[in-house]
Number of protein chains: 4
Amino acid sequence: MAVRVGVIGAGWIGQDHIRRLTETVTGAQVTAVTDIDAARAGEAAARVGARVPADGGELIAADDVDAVLVTSWGPTHAEHVLNAIAAGKPVFCEKPLATTAEDCLKIVEAEMAHGRRLVQVGFMRRYDTGYRQLKQVIDSGRIGEPLIVHCAHRNPTVPQSYTSDMAALDTAVHEIDVLRWLLDDEIISTQVITPRATSKRFEHLKDPQIMLFETAKGVRIDLEVFVNCQYGYDIQCETVGEEGLVRLPDPAAVGVRTAARHSTEVLTDWVGRFRDAFDTEFREWITALTAGDEPTGPSAWDGYAATVVSNATVAARQSGRVIGTDMKPRPGFYATRGLV
Amino acid sequence: MAVRVGVIGAGWIGQDHIRRLTETVTGAQVTAVTDIDAARAGEAAARVGARVPADGGELIAADDVDAVLVTSWGPTHAEHVLNAIAAGKPVFCEKPLATTAEDCLKIVEAEMAHGRRLVQVGFMRRYDTGYRQLKQVIDSGRIGEPLIVHCAHRNPTVPQSYTSDMAALDTAVHEIDVLRWLLDDEIISTQVITPRATSKRFEHLKDPQIMLFETAKGVRIDLEVFVNCQYGYDIQCETVGEEGLVRLPDPAAVGVRTAARHSTEVLTDWVGRFRDAFDTEFREWITALTAGDEPTGPSAWDGYAATVVSNATVAARQSGRVIGTDMKPRPGFYATRGLV
Amino acid sequence: MAVRVGVIGAGWIGQDHIRRLTETVTGAQVTAVTDIDAARAGEAAARVGARVPADGGELIAADDVDAVLVTSWGPTHAEHVLNAIAAGKPVFCEKPLATTAEDCLKIVEAEMAHGRRLVQVGFMRRYDTGYRQLKQVIDSGRIGEPLIVHCAHRNPTVPQSYTSDMAALDTAVHEIDVLRWLLDDEIISTQVITPRATSKRFEHLKDPQIMLFETAKGVRIDLEVFVNCQYGYDIQCETVGEEGLVRLPDPAAVGVRTAARHSTEVLTDWVGRFRDAFDTEFREWITALTAGDEPTGPSAWDGYAATVVSNATVAARQSGRVIGTDMKPRPGFYATRGLV
Amino acid sequence: MAVRVGVIGAGWIGQDHIRRLTETVTGAQVTAVTDIDAARAGEAAARVGARVPADGGELIAADDVDAVLVTSWGPTHAEHVLNAIAAGKPVFCEKPLATTAEDCLKIVEAEMAHGRRLVQVGFMRRYDTGYRQLKQVIDSGRIGEPLIVHCAHRNPTVPQSYTSDMAALDTAVHEIDVLRWLLDDEIISTQVITPRATSKRFEHLKDPQIMLFETAKGVRIDLEVFVNCQYGYDIQCETVGEEGLVRLPDPAAVGVRTAARHSTEVLTDWVGRFRDAFDTEFREWITALTAGDEPTGPSAWDGYAATVVSNATVAARQSGRVIGTDMKPRPGFYATRGLV
């Protein structure tokens, strides 16, 4: 029988996941949709023959909802996730798990009290083929112990509503999660350097930013976040170890030679870059649920760590200082969970 | 409602497609499986809760079979496909459509008499992202009119049962189909050159072979078929036009620097190379059937052309001569069909 | 003391070599220059303080000429080279050594009678870093015995004076020499296939052409010669062996990402592509002469072989047939000479 | 007439330059050699038929010395360069120009008093083809105003005598010079981050180090210096601008496919990486001198700036602080000098 999923939040990303669960991933069925905008929920639900419960609480409690997908506005995440845990139902929450460390810890505690993982956080890069190869090489020991990671996260442009804080909270947060996972290590301090700003930005925005992270094992990470780079959507990651290095590939693209140039296309949005990763993320989630297993993806603890580090990075930029992340020790409960 | 598929042939590829239709592609359900080996059919059917009709004929006629998938031994394809057409049911036939030009033409005529496309042939390369980009660039006119295509089709090794004829019939046939589609052109002659044979082959086998094709528009194609190349599974395709060229990319893979080398992995089997293409192939087939549309993939005519050219290539190698393919003119019925 | 060089032929290539021997290569001095156009010889000589003997014969005989460089019109090469041998002076002859196999053999015989190598032919690709790496890999056995070579020789455009025969005689002749050297093998047959011609050529010209060579050991070579490819000057060479392959690199060039493209420059002329090879060629030649050694570069025998194969390739295209090169057996004298 | 060069310092690099001026660069002749080790000077001199003056002072004053090459121990550079200026002779000084900012300024002042450039400092990267292409792209405006530069400078190993300070003084100093030139900008602050050290180093050494530079225009530079990276000698430089980026190419190398890997060689020493740059550096220097022109390469001012920034970088590492370079304003004399 298909896993019956209730979706809280029918905005762009919610609709995309509803489509994914319906058309691309086998073994799932979207049975309920809610949104703060009831009309939007109604339309999204109608397209897949789902019901429209009155609100998230009702959706979570519903008998025809086996698992919950939270894609609503960030500040509402904690409440829905806590409700799902209370109901003993698996819940997939788009990042952030919660906007504050305190709320993330409440979720962590609730889940530990429940005694079994229910929560998965939507960091899809762990499902990208390139990142998985990267991790495989690092874990194999071929490059020796990791010492340095160089990253870049570039978008062609962002709208006026994008703020300097979002560079950490919405953009770098993907690297923060994937680097913790790649290195199996924790970020203990963060710092932000602001180069001369590009003229091709809205006035209020610090862009580009260079973020510097330090891990518990002493690995140093530099991450260029440049969200108005104009030329494309470009994700780079190079891990330097004691005996070699490994670098994320560019997406495969045909090579064209014309007019004295050899050229390949650079993608211009993240949808194309991570489409397969999103598909794999949900496919593995549904597979685990179908088998009655705990989810294997990013855990509530990973959600907590990402929120702590990205919030600290905002503080680092605002203060111009190196900021310690002051993270709690990881409970044994999460020691072997969320390692996919 | 899911499209109910009956599968004739439960060998390796049949089982893989049953898994694909069950686990990977939404909107399909395998309801019936037959095989010349009844036990094998029974096991494959049991895994997905399908029935085991007595034979292909019974399967095709069954009420719970909306569409037929033929993955049995090549020489049996024509009979099953003709039966499916007679039953008015869509049929997906793994290559070859039939082993002789005559049988292919019977299928073509039966389908035209039916008045609507029912047949799709399993040439999955048209669904590969790289080939689709290649076609997009060619069709865009960026490289001008195509003049030459250089191809290579390399496998690490083949078993003793692989014969010199199979280099054309089983291996080059993929290029034969995809090149006709890429160039929107017909192959009119074929020739085979046999370099010194590799010592790493079974004695009876001519390996490598270089096949030379000529198209109706005068494009010349050279195709290296080397099925014991040892180092990997490697597919190359470069189209040279009047103003530039376009080249198939290698699959994306992390770059590793260790011990004075920068290296990337080369795949070693076609399963990894074309997995996504197979998925897309079946996804698009099921999508068309669900919508009540004709299939959009390789047509019966494409199946005929591939059989004619690959058979002529066998004759060319055996005779040492340039062989004209002597292909029939394409009926108007197929003029705009099978162009995906 | 510097090697005193007399230059016969002060056209474009002659002038370039005079500049090279004067400004780039140490240990050489151009002391005499002649040309059928006396004014041109005078200007070239004046720039470097050289004399202008009445003709090639006088130049070769002159006391202030230690070594001769022949860069005159091809049909005059044989006479000058034979004169130099008669005078016992080292002679560097731009390709072709002679335009007929007969004249080449006269030179070979004269040199053998002299008992010591005097002649070097100007095939500069053997001095290209990429080709040298290619040979090193082949000779190392890393890819096993060579079986197939795929080559392309592309120029952006050629002037109206360029004829269909020149595709073999002037263009492919570089590959003919470098492949014999790379493979340490002899070409025994040649064939030409003519794809649909590009519209971007002068009407009289067959362009592109595909040349197919067979070696004594059974290696098969396909060479695309395309002299109006528009997009650049592009030299490709891939050697496929029993256990792997090795491919000539593209010249290093900065990668640029702008406007959704990653691009690198493609060269547009052979001067930039092979400048370093020319320099090394003359540097090694002067070094050998300074040390009193025989020249180590392409020998008179290599010049003979190149003329035989390129002439046979012209015949192959004109006749549409496979043409055997019917080459003489290589004399022991040349067995270990010209192997750099 | 050849430029007669006197060489002060006959160690490894001195001997290499003597060979270069004798065998590779035309128009120069080494006429005198001195060294603190007289025997070593004698041997080096004998190989090229040069004299051995008693010391640097005598060499600089000698009538048969037109130009001076200083390749002695760093702390002696200032004295020799000042002497050469006093004698009005062109002087090429290997880096550093002087070990202190004060001494560098003395040289700058002496040269300005002389009224004409005499000094060139041996930063050879400005002569590397890749860096020159990089500068060409930046200067062309294709990537817009530069904002960030990512660099790496990796050596396979260093001997025990290599100290943590040398990472800035001997290694990073090359990037410090070439970045000032690439960006036409001045470095105003420097900071060093020390990741976990590699286990493959001598105990006393901080390795790797990440250096962070800020320029007057606000460009931010991160430079990984990793001198025990094991895998090769690897120089990376990527400049990110407002509209795109440009990246230094890896040296061209044949691609080899064997055993499921595509690989290219990574160099293991700087000699191979920058041989051509050294040749070009000296060729252009001799060309300028021959023409009676001022040298066009890195100036005394560039030598001053490099010393200031590299010394500040040592202080930054030792203190753990961001250190301002506190550089003097560039005199008008140097405004348009040293821009090659």
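Within each chain, residues carry numbers counting from 1 in the order of the written sequence. Following the order in which they are written, the chains are lettered starting with A and the ligands numbered starting with 1. A pLDDT threshold of at least 70 governs which residues receive local features in this predicted model, and a stricter bar of 80 or more applies before side-chain atom pairs are shown or counted, although totals over entire chains, interfaces and linings include all residues. For the side-chain quantities, the full set of heavy atoms in the structure was used; hydrogens and water were omitted.

Examining the overall build of chain A
At step 1: Note on conventions: DSSP H or I runs of at least 4 residues are helices, E runs of at least 2 residues are strands, and numbering of each starts at the N terminus. Check the secondary structure of chain A and you find nine helices and 14 strands.
At step 2: The C-alpha atoms of chain A give a radius of gyration of 20 Å, which matches the 20 Å a tight globule of 340 residues would have.
At step 3: With the C-alpha coordinates of chain A rotated into their principal frame, the extents come out at 60 × 50 × 40 Å.
At step 4: Classification of residues uses two cut-offs on accessible area relative to the type maximum, computed with a 1.4 Å probe and protein chains only: under 20% is buried, over 50% is exposed, and between them is partly exposed. Across the 340 residues that make up chain A, the buried fraction comes to 61%. Within these notes, the globule rule equals 2.2 Å times the number of residues to the 0.38 power, and the radius of gyration is based on C-alpha atoms.

Remarks on the sheet that holds strand 1 (residues 3-8) of chain B
Residues and elements named next belong to chain B.
At step 1: Pairing between strands requires that DSSP locate at least two bridges from one strand to the other. Strand order in the open sheet formed by five strands is 2-1-3-4-5, with parallel pairing between adjacent strands. Single-partner strands in this sheet number two, and they are strand 2 (28-34) and strand 5 (119-121). Shown here is a sheet whose adjacent strand axes are inclined to one another by a mean of 20°, direction ignored.
At step 2: Two elements, strand 1 and strand 3 (residues 67-70), share four bridges in a ladder whose sense is parallel. By the bridge assignment, isoleucine 8 is partnered in strand 3 with valine 70.
At step 3: Note on contacts: a residue pair is in contact if any heavy atoms of the two residues lie within 4.5 Å. Note on geometry: axes are C-alpha line fits, over the in-contact stretch for helices, and angles between N-to-C directions span 0 to 180 degrees. Docked against the sheet, helix 8 (residues 270-290) engages strand 1, strand 2, strand 3, strand 4 (91-93) and strand 5, running at close to 130° with respect to strand 1.

Section: the relation of the copies chain C and chain A
At step 1: Note on the copies: chain C fits chain A at an RMSD of 0.1 Å, the axial shift is 0.0 Å, and the rotation between them is 180°. Such a combination of turn and shift is consistent with a two-fold rotation axis. For chain C, the smallest separation between a C-alpha atom and the rotation axis is recorded for serine 263 of chain C, amounting to 2.1 Å.
At step 2: Most of the interface of chain C is mirrored in chain A: 100% of its interface residues are interface residues there too. In this comparison the copies share one frame, found by least squares on the C-alpha atoms of residues holding pLDDT of at least 70 in both.

As for the UniProt feature "domain: Gfo/Idh/MocA-like oxidoreductase N-terminal" (unreviewed entry) in chain A
At step 1: Within this structure's numbering, the places UniProt gives as "domain: Gfo/Idh/MocA-like oxidoreductase N-terminal" (unreviewed entry) are residues 3-123 of chain A.
At step 2: The distance separating the terminal C-alpha atoms of residues 3-123 of chain A is 21 Å; by composition the span is 45% helix and 19% strand. UniProt positions are given in the numbering used here, feature names are shortened, and annotations may be inferred rather than shown by experiment.

Examining the side chain of threonine 26 of chain B
At step 1: Looking at where threonine 26 of chain B falls in the secondary structure, it is placed in the loop between helix 1 (12-24) and strand 2.
At step 2: Each polar contact in these results corresponds to two N or O atoms within 3.5 Å; when the atoms are within protein, one needs to be able to donate a hydrogen and the other to accept it, and residues that are neighboring in sequence are counted only if both atoms are side-chain atoms. Among the polar contacts made by the side chain of threonine 26 of chain B, one reaches the main-chain carbonyl oxygen of glutamate 23 of chain A at a distance of 2.3 Å.
At step 3: The residues contacting threonine 26 of chain B, other than those within four sequence positions of it, are Thr22, Glu23, Thr24, Val25 and Thr26 of chain A together with Ile286 of chain B.

Re the UniProt feature "domain: Gfo/Idh/MocA-like oxidoreductase C-terminal" (unreviewed entry) in chain A
At step 1: Feature annotation in UniProt assigns "domain: Gfo/Idh/MocA-like oxidoreductase C-terminal" (unreviewed entry) to the following positions: residues 135-323 of chain A.
At step 2: As annotated, residues 135-323 of chain A comprises 34% helix and 28% strand, and the C-alpha atoms at either end are separated by 27 Å.

With respect to the sheet that holds strand 2 (residues 28-34) of chain A
Residues and elements named next belong to chain A.
At step 1: The five strands lie next to each other as 2-1-3-4-5, forming an open sheet whose pairing is parallel. At either margin of the open sheet sits one strand with a lone partner, and together these are strand 2 and strand 5 (119-121). Strand-to-strand twist across the sheet, computed as the mean angle between neighbouring axes with direction ignored, equals 20°.
At step 2: Pairing analysis gives three bridges linking strand 4 (residues 91-93) to strand 5, with the strands arranged parallel. Paired with phenylalanine 92 across the bridge in strand 5 is glutamine 120.
At step 3: Contacts from helix 8 (residues 270-290) reach strand 1 (3-8), strand 2, strand 3 (67-70), strand 4 and strand 5, with the element oriented near 130° to strand 1.

So, the interface of chain B and chain C
At step 1: Facing 40 residues of chain B, the contacting portion of chain C comprises 40 residues.
At step 2: When two parts are brought into contact, each loses some accessible area as probed by a 1.4 Å sphere; the total of that loss over both is the buried area. Taken over both partners, the interface formed by chain B and chain C buries close to 3,100 Å², and the fraction arising from carbon and sulfur atoms is 55%.
At step 3: By definition, a salt bridge exists where a carboxyl oxygen of Asp or Glu is found within 4 Å of a side-chain nitrogen of Lys or Arg. In this assembly, chain B and chain C are joined by six salt bridges.
At step 4: With a shortest N-O distance of 3.9 Å, glutamate 243 of chain B and lysine 200 of chain C are connected by a salt bridge.
At step 5: Across the contact surface, chain B and chain C share ten residue pairs in polar contact (both at pLDDT 80 or more).
At step 6: When residues of the side of chain B that touches chain C are traced back to their parent elements, those giving at least two are strand 6 (146-154), strand 7 (187-193), strand 8 (209-215), strand 9 (220-226), strand 10 (234-241) and strand 11 (244-247) of chain B.
At step 7: At five residues, strand 6 of chain B tops the list of elements feeding residues into the side of chain B that touches chain C.
At step 8: Residue composition of the side of chain B that touches chain C, grouped by class: 15 nonpolar, eleven polar and 14 charged. Each residue gets one of three labels, nonpolar for Ala, Val, Leu, Ile, Met, Phe, Trp, Tyr, Cys and Pro, charged for Asp, Glu, Lys and Arg, and polar for the others, Gly among them.

Brief notes about helix 2 (residues 38-48) of chain C
All names here are of chain C.
At step 1: What helix 2 keeps buried is the set Ala41, Ala44 and Ala45. Here the buried residues of helix 2 occupy an arc of 100° about the axis, which is enough to place them on one side. Of the exposed residues in helix 2, the ones pointing more than 90 degrees away from its buried face are Ala46 and Arg47.
At step 2: Contact partners of the buried residues in helix 2: helix 1 (12-24) and strand 2 (28-34).
At step 3: The opening residue of helix 2 is aspartate 37, an N-cap whose side-chain oxygen sits 3.1 Å from the backbone nitrogen of alanine 39.
At step 4: Looking one or two residues past helix 2, glycine 49 carries a phi angle of roughly 70°, positive in sign. Read the arc as the range of directions from the helix axis to the C-beta atoms.

Re the interface of chain C and chain A
At step 1: Across the boundary between the two partners, chain C contributes 15 residues, which contact 15 residues of chain A.
At step 2: Summed over both sides, the interface of chain C with chain A buries roughly 1,300 Å², with 47% coming from carbon and sulfur.
At step 3: It is Tyr231, Arg257 and Ala260 of chain C that lose the most area in chain C upon contact with chain A, and together they represent 44% of the buried surface on that side.
At step 4: The interface formed by chain C and chain A includes four salt bridges.

Points about unusual backbone geometry
At step 1: With omega at 0°, the peptide bond leading from lysine 95 of chain D into proline 96 of chain D counts as cis.
At step 2: Secondary-structure assignment places proline 96 of chain D in the loop between strand 4 (91-93) and helix 5 (101-114).
At step 3: The amide bond that connects aspartate 207 of chain D to the next residue, proline 208 of chain D, takes the cis arrangement and shows omega of 5°.
At step 4: Take proline 208 of chain D: it is sitting in the loop between strand 7 (187-193) and strand 8 (209-215).
At step 5: For aspartate 184 of chain C, which is not a glycine, the phi torsion comes out positive at approximately 50°.
At step 6: Note that aspartate 184 of chain C resides in the loop between helix 7 (166-183) and strand 7 (187-193).
At step 7: Even without a glycine there, the phi angle at alanine 259 of chain C is positive, about 50°.
At step 8: Taking the relative accessible area as the measure of exposure, alanine 259 of chain C reaches 62% and is therefore exposed.

Structural notes on the domain arrangement of chain A
All names here are of chain A.
At step 1: Parsing chain A into structural domains produces domain 1 (3-123 + 276-294) and domain 2 (126-274 + 304-324).
At step 2: On the side of domain 2, 16 residues touch domain 1, which itself brings 20 residues to the contact.
At step 3: In total, about 1,500 Å² of surface goes out of reach between domain 1 and domain 2, with carbon and sulfur atoms giving 65% of it.
At step 4: Sorting the residues of domain 1 by area buried against domain 2 places Lys95, Phe123 and Ala277 first, and these three jointly supply 40% of that buried surface.
At step 5: Put simply, domain 1 and domain 2 have one salt bridge between them.
At step 6: In this structure, arginine 132 and glutamate 284 form a salt bridge, with 2.9 Å as the shortest nitrogen-oxygen distance. Per the annotation, domain bounds derive from an automatic or database assignment of domains.

Topic: the packing of helix 6 (residues 129-140) of chain B against helix 7 (residues 166-183) of chain B
Residues and elements named next belong to chain B.
At step 1: Where helix 6 contacts helix 7, the axes come no closer than 10 Å and their chain directions differ by 30°. Relative to helix 7, the element helix 6 lies roughly parallel. Here Tyr131, Arg132, Leu134, Lys135, Ile138 and Asp139 of helix 6 lie close against helix 7, whose contacting residues are Glu175, Val178, Trp181 and Leu182.
At step 2: Its residues placed into classes, the contact of helix 6 with helix 7 shows six nonpolar, no polar and four charged. Oblique is the label for any angle not under 35 degrees, not over 145, and not in the 65 to 115 range, which are roughly parallel, roughly antiparallel and roughly perpendicular in turn.

Quick notes on the pairing of strand 10 (residues 234-241) of chain C
Looking along a regular strand, one sees the side chains alternate between the two faces of the sheet.
All names here are of chain C.
At step 1: Most of strand 10 sits out of view: eight of its eight residues are buried.
At step 2: Because side chains alternate across strand 10, one face comprises the buried residues Asp234, Gln236, Glu238 and Val240, and the other comprises Ile235, Cys237, Thr239 and Gly241, equally buried.
At step 3: In this structure, strand 6 (residues 146-154) lies alongside strand 10, joined through eight bridges in antiparallel fashion. Its bridge partner being in strand 10, alanine 152 is matched across the sheet by glutamine 236.
At step 4: As defined by bridge partners, strand 10 adjoins strand 11 (residues 244-247) across three bridges and the pair is classed as antiparallel. What sits directly across from valine 240, in strand 11, is leucine 245.
At step 5: Between strand 10 and the antiparallel strand that follows it, strand 11, lie two residues.

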